[in-house]
Amino acid sequence: MRPSGQRSRVVAVLGPTNTGKTHLALERMLGHRSGMIGFPLRLLARENYDRVVRAKGAGAVALLTGEEKIVPPRPAYFVSTVEAMPLDRRVAFLAVDEIQLCADPDRGHIFTDRLLHARGEEETMFLGADTIRPLLRRLVPEAEFLSRPRFSQLSYTGERKLTRLPPRSAVVAFSAGEVYAMAELIRRQRGGTAVVMGALSPRTRNAQVGLYQAGEVDYLVATDAIGMGLNMDVDHVAFAALRKFDGRVPRDLEAAELAQIAGRAGRHMNDGTFGTTAEIGGIPAAAVDAIEAHAFPPLRRLFWRNPDLHLTSVPALLASLAKPPDQPGLVRAREADDHLALVTLARDAEIRALASHLERVKLLWEVCRIPDFRKVMAETHTRLLGQIYRHLTSPRGRLPDDWLHNHVRRLDRTDGDIETIITRIANVRTWTYVSHRGDWVADPVGWQERTRAVEDRLSDALHDRLTQRFVDRRTAVLVRRLKDSDELLSAVARSGEVVVEGHHVGRLEGFRFIADVADGAHAAKAVSAAAQRALRGEIRSRVAALATEGQDAFALLGDGVVTWRGAPVARLTAGAEPLKPGIDVLATDLLDGPGRETVRKRLVDWLAGRVEADLGPLLAVRRAALGGAARGLAFQLCEALGSLPSGPAARQIAALDADDRRRLARLGIRLGVESVFMPALLKPAAQGLRALLWAAHKGVEPRPPPSPGRVTVPVAAECPAEFYEAVGYRVLGRHAVRVDMLERFAAKIRGLAREGEFTVPQPLATLLGLSGDDLGGVLDAMGYRQFRRDDGSVAYRSRRHRPRPSGRHRDGAPPSPFDQLRKLVSNA
């Protein structure tokens, strides 16, 4: 736009970030009858368009970007990207934001063109960094300069680990891969992060920023796109890299570039900080000083491209694009994407033939200027441009609807990962751009609506994918609510499922909170802390309920765990004696000291009742008023949980008088030749409890007793004989035999052995369910040696059998107490 008549006032408002330059320009524009402002990013244009609409109404404001045009019938104000500024419109006020981008190698020539040629009729304003001041003064000598100091202080804090960054931090990386890696780590350690990249559509970007601004997440991971005026409540900026790929080569970021990004920290009057992540080291001291002081070397050159293009032929167009500047401080821009596309298409003989006159050359240049949103290889993009040009130069003169339909239809899918959806959005942006050329398509409004709808669906899907991948909403909500002093809203279902602030966090088993699997230590800590606060009242209620519960509410599992209402609450431990085990309440952070003791006491009482119910006969023995040898034998029997071999107790048994034997018999004690035991304690319930009490007393892992009804079982190699004795079995060789059946079997065998050698009848072998070597092993342990007769049959004889005078031992000595016991029991 060139001014006519009186020259307009030109003002350059220069200064660092957070100086209110954009706000000033918008206020100035709205003070004029009409205006236009160009922004460096589509995202910024959309954001400020919304601001102007709120002030002036939608009917007064137009939005123009490469892919989005909202133009009411009579707009007074135009908000656009710098490339899309409608310079043929006459407006009273015109502004260009981030004018220092004249020095950008890729887009700088567009900003330089606006600097040199775009003017408002009454006022023109250029906003940007102070580094452009000397060149701007030289190229626009009539310009007035207005400096704007930064509202807040920006300070360097050095390097920090990513996991130690403070809340309200933005982490800046320079590739999608780095952004994703940083975001993954922050999600695991801090519950989640928003993601902002230049490749995001405005709809996705606004949704992600909304997460951050609303406090649902405290972190933001972004590319350097946030450096261009995107205003968010950021307190700290952490650089995850100090090098970037600029489209041609990797290079170090300059201090001014770092400042542009770091300046996002500390908005308005709030001071901000910047630094790096620990993985890359610190920022050089000279750069830090420059950033904190906002003092940078002035720009040495601005990029320029000839705006007066010769469209009479393709060679003439290429020649005019190659023209060098004639003003000092300007350098010819490197070949941009549109220039490269023209060079490539000009090599195509068919394209050259079609571009045969001025209108066709002009059309070719307009096609070449379709942006490569996909950032694919130049050949792929140029091939598409060639197809578009051929369609536009065909007799129809427009893009075929079916051809457009096929391209757009392939993109209207929301499946796939983040990169897939980003690629689809980039592709649909191409067709949105094309649809805004009303002379290229048959139904421009219809195609604009369709491509916009596709982009919106893809944008929503992309926001969902980003949120699913990089935000643990549950952790984010819990962390935010934990900062408040208010009680957390919680509920516990009958199944024990725990819901806090609307999020499922785990389940309550008795008094233990079992958290759902959390991704990372921070998430697990947040869930645990929220549960502890939310479940305080529930735990108090449960302690009170357990203290008054009846016996049936509790159970003892085979692993020694005590349950209440089906939930584990305690475990058996060693007590002072086998029949009085201890109770150890399972570890939990939810029970305080008094609550834990209440639970323990109730469980001790319950367990005493359980032992009384299943082992009552044995407790009666312990309480019986016995004296002498009977009392000693009763003590041993209680310590052994109801059965013990006769051998170790032989002297006490021999010392029993007739009254002692009658009293013990009335208590249910059987004095067998092989064992002393209580038949009532051989029932399954009693055996199961005996096994648990033995394991608790010994401090070993519980193991189940033999299955009900089993007379003999193989002895496990790792299981001591004492265990089998504790549950009513005797270990004989490789097998353990239930003591009551052993007495019956032993009595039959003694009768056979009186005559010398003997064989075991099948019915007697069936009593134990053994045969062959297994039976022989039991008999060998009982003192009977196996041998083969001349006819090959297997027979046995007692190792102690030898004809001898009655009442004398085989070696002539008096009989031992054990032999006396055998004789007494046999006679009985």
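Note that the coordinates shown come from a computational prediction; the quantities given were computed from them, not determined experimentally.

Moving on: a negative patch on the surface. A cluster of acidic side chains, namely D401, D402, D443 and E449, defines a negative patch on the protein surface. Exposure remark for D401: the relative accessible area of 37% places this residue in the partly exposed category.

What follows deals with the packing of aromatic side chains. Counting across every chain of the model gives 10 aromatic pairs. The interplanar angle of 90° and the centroid separation of 5.4 Å between the aromatic rings of W403 and W431 together place this pair among those described as edge-to-face. Placement of the pair is W403 in helix α14 (residues 401-411) and W431 in helix α15 (residues 418-435), with a sequence separation of 28 residues. W403 gets classed as buried once you look at its relative accessible area, which sits at 16%. Considering the side-chain rings of F511 and W564, the 5.6 Å spacing of their centres and the 10° angle between planes classify their relative orientation as stacked. Highlighted residues: F511 in the loop between β21 (503-509) and β22 (512-515) and W564 in strand β24 (residues 561-564), separated in sequence by 53 residues. Taking relative accessible area as the criterion, F511 reaches 2% and is therefore assigned buried. Classification of W564 as buried rests on a relative accessible area of 2%. Among the aromatic residues, ring-to-ring pairing joins W694, F723 and Y724 into one connected group. Between the NZ or CZ atom of R469 and the centre of the ring of Y180, over which it lies, the distance is 5.0 Å. When the ring centre of F723 is taken as reference, the NZ or CZ atom of R703 above it lies at 5.8 Å.

So, on to the sheet that holds strand β29 (residues 675-677). Taken together, 3 strands build an open sheet; the order of strands is β27-β29-β28 and the sheet is antiparallel. Of all strands in the sheet, those with a lone pairing partner are β27 (643-645) and β28 (670-671), marking the two edges. In this structure, β27 lies alongside β29, joined through 3 bridges in antiparallel fashion. If you follow L644 over to β29, its bridge partner there is V676.

A separate point is the nonpolar core. Residues F511, F513, V562 and L579 are the most contacted members of the largest nonpolar core, which totals 73 residues. Here the element with the most residues in this core is helix α25 (residues 684-698); it accounts for 8 residues. Apart from the residues lying within four places of it in its own chain, the contact partners of L579 are V611, L615, L618, L619, R622, C638, L641 and L693. A240, A355, A461 and L466 belong to the second-largest nonpolar core, a separate cluster that totals 63 residues.

Quick look at the environment of M85 now. The residue M85 is located in the loop between β5 (77-81) and β6 (93-96) in this model. C-alpha separation for the pair M85 and M36, spaced 49 residues apart in sequence, amounts to 7.7 Å. If we skip the residues at most four places from it in the chain, M85 touches M36, G38, S80, L94, A95, V96 and R114.

A separate point is the packing of α14 against helix α16 (residues 444-470). Put simply, α14 and α16 touch, their axes get as near as 10 Å, and they point 10° apart. Here α14 lies roughly parallel to α16, going by the angle between them. Here α14 contributes D401, L404, H405, V408, R409 and L411 to the contact with α16, which in turn contributes W447, R450, T451, V454 and L458. In terms of residue class, the contact of α14 with α16 is built from 6 nonpolar, 2 polar and 3 charged.

Turning our attention to helix α10 (residues 337-346). All buried positions along α10 are accounted for by D338, H339, A341, L342, L345 and A346. Down the axis of α10, the sector holding all buried residues measures 160°, keeping them to one side.

We now examine the pattern of salt bridges. Note that side chains of opposite charge can pair when their charged atoms are close. By the definition in use, this model includes 50 salt bridges. In this structure, R390 engages E350 in a salt bridge whose closest nitrogen and oxygen atoms are separated by 3.0 Å. One end of the pair, R390, is in helix α13 (residues 378-392); the other, E350, is in helix α11 (residues 349-354), with 40 residues separating them in the sequence. The partly exposed category is assigned to R390, whose relative accessible area is 27%. R507 is the salt-bridge partner of E509, the closest N and O atoms lying 2.8 Å from each other. Three or more residues are tied together by salt bridges with common partners; here these are R9, R28, E123 and E144.

Turning to the pairing of strand β26 (residues 580-585), a few remarks are in order. As paired strands, strand β25 (residues 567-577) and β26 are joined by 5 bridges and run antiparallel to one another. Its bridge partner lying in β26, A570 is registered against V585. Hairpin remark: β25 followed by β26, antiparallel, with 2 residues in the connecting loop.

Turning next to the environment of Q551. Tracing the chain through its elements places Q551 in the loop between α19 (536-547) and β23 (554-556). Residue classification places Q551 among the partly exposed positions, given a relative accessible area of 35%. On a C-alpha basis, the gap between Q551 and Y796 in space is 53 Å, while along the polypeptide they are 245 residues apart. Apart from the residues lying within four places of it in its own chain, the contact partners of Q551 are R602, W606, G609 and R610.

Taken in spatial order, the 8 strands of this open sheet run β4-β3-β5-β2-β6-β7-β1-β8, and their pairing is mixed. What marks the edges here is a single partner per strand, and that holds for β4 (69-70) and β8 (144-147). Across 4 bridges, β6 lies against strand β7 (residues 123-128) in parallel orientation. Among the inter-strand pairings, A95 is bridged to a residue of β7, identified as M125. The sheet strands contacting helix α2 (residues 42-56) are β2 (35-39), β3 (61-64), β4 and β5, and the helix crosses β5 at an angle near 165°.

Let's shift gears to the pairing of β5. Two faces belong to every sheet, and in a regular strand the side chains alternate between them. Along β5, 5 of the 5 residues are buried, which leaves the element largely enclosed by surrounding structure. Bridge analysis of β2 against β5 gives 5 bridges, and the strand direction is parallel. Bridge pairing links F39 to T81 in β5. In terms of strand pairing, β3 meets β5 through 4 bridges, oriented parallel.

The rules behind these values
- Residues numbered from 1 in each chain as written.
- Predicted model: local features only at pLDDT ≥ 70, side-chain atom pairs only at ≥ 80, totals over all residues.
- Heavy atoms only, no water.
- Patch = residues over 30% accessible without salt bridge, like charges linked within 9 Å, V, L, I, M, F, W, Y side chains within 5 Å.
- Areas by Shrake-Rupley, 256 points an atom, 1.4 Å probe, with all protein chains shown as cover.
- Salt bridge = Lys/Arg side-chain N within 4 Å of Asp/Glu carboxyl O.
- Lys, Arg positive; Asp, Glu negative; His and termini not counted.
- Charge placed at Lys NZ, Arg CZ, Asp CG, Glu CD.
- Buried < 20%, exposed > 50% of the residue type's maximum accessible area, 1.4 Å probe, protein only.
- Phe/Tyr/Trp six-rings, centres within 6.5 Å; stacked < 30°, edge-to-face > 60°.
- Helix = DSSP H or I, 4+ residues; strand = E, 2+ residues; numbered from the N terminus.
- Lys NZ or Arg CZ within 6 Å of the ring centre and 35° of its normal.
- Pairing = 2+ DSSP bridges.
- Core = buried A, V, L, I, M, F, W, Y, C linked by side-chain atoms within 4.5 Å.
- Contact = heavy atoms within 4.5 Å.
- Axes fitted to C-alpha atoms, helices over the stretch in contact; angles between N-to-C directions.
- Parallel < 35°, antiparallel > 145°, perpendicular 65-115°, else oblique.
- Nonpolar A, V, L, I, M, F, W, Y, C, P; charged D, E, K, R; others polar.
- Arc of directions from axis to C-beta.

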